[in-house]
Amino acid sequence: MSNESDRDEGAAEEMGGKIKKGLGKLLGDEQMEAEGRAKEVRGKVQQEDAKAEERAQGAFEQATGALKNRVGKLIDNEQMAAEGKARELKGENRQKANQ
């Protein structure tokens, strides 16, 4: 499953939990309210896990891009350096997007 679908699934789980928690509170059903709260927390955790995985992949992408950029500069290969810099920036952006 992709990280995007994990995040979407987590958001749906969180929303379902909020609804169930609210209904439980409205109806005075403590068990329903507690189940809703648990579902809400599971959804939040799933979303955070997906974001953490994206940040890790972004860090790896940034590091490998930086390495390729520096090797390209070292051997005077402008294309390699540019590709590395692009990958490095892509990794940085991926990390920022998942904070």
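In what follows, the structure referred to is the one given above.
Definitions and limits used
Throughout this document, residue positions are counted from 1 along each chain, in the order its sequence is written. Where totals are concerned, whole chains, interfaces and linings use all residues; where local detail is concerned, this predicted model gives features only for residues with pLDDT of at least 70, and gives and counts side-chain atom pairs only at 80 or more. Calculated side-chain values reflect all of the structure's heavy atoms, with hydrogen atoms and water omitted. Here a patch means residues that are over 30% exposed by relative accessible area and free of salt bridges, tied together within 9 Å if like-charged and within 5 Å if nonpolar (Val, Leu, Ile, Met, Phe, Trp, Tyr). Per-residue and other accessible areas were derived by the Shrake-Rupley procedure at a 1.4 Å probe size, with only the shown protein chains allowed to occlude residues. Salt bridge criterion: a side-chain nitrogen from Lys or Arg within 4 Å of a carboxyl oxygen from Asp or Glu. Every helix listed is a DSSP run of H or I at least four residues long, and every strand listed is a run of E at least two residues long, numbered separately from the N terminus. Whether a residue is buried, partly exposed or exposed follows from its accessible area with a 1.4 Å probe, protein chains only, as a fraction of its type maximum: under 20%, in between, or over 50%, in that order.

**Student:** Just checking my understanding: could you explain a nonpolar patch on the surface for this structure?
**Tutor:** Residues Met15, Ile19, Leu23, Leu26 and Leu27 make up a contiguous nonpolar surface patch of roughly 550 Å² in combined accessible area. Among the structural elements, methionine 15 can be located in helix H1 (residues 3-27).

**Student:** Explanation requested: the pattern of salt bridges in the structure shown.
**Tutor:** Oppositely charged side chains are able to pair whenever their charged atoms sit close together. Following the criterion strictly, the structure yields 13 salt bridges and no others. The salt bridge involving glutamate 33 is made with arginine 37; its shortest N-O contact spans 3.2 Å. Taken together, the positions of glutamate 33 and arginine 37, both in helix H2 (residues 30-74) and four residues apart, correspond to about one turn of that helix. Arginine 37 sits in the partly exposed class, given a relative accessible area of 40%. Through salt bridges with shared partners, a single network forms among Glu54, Glu61, Lys90 and Arg94.

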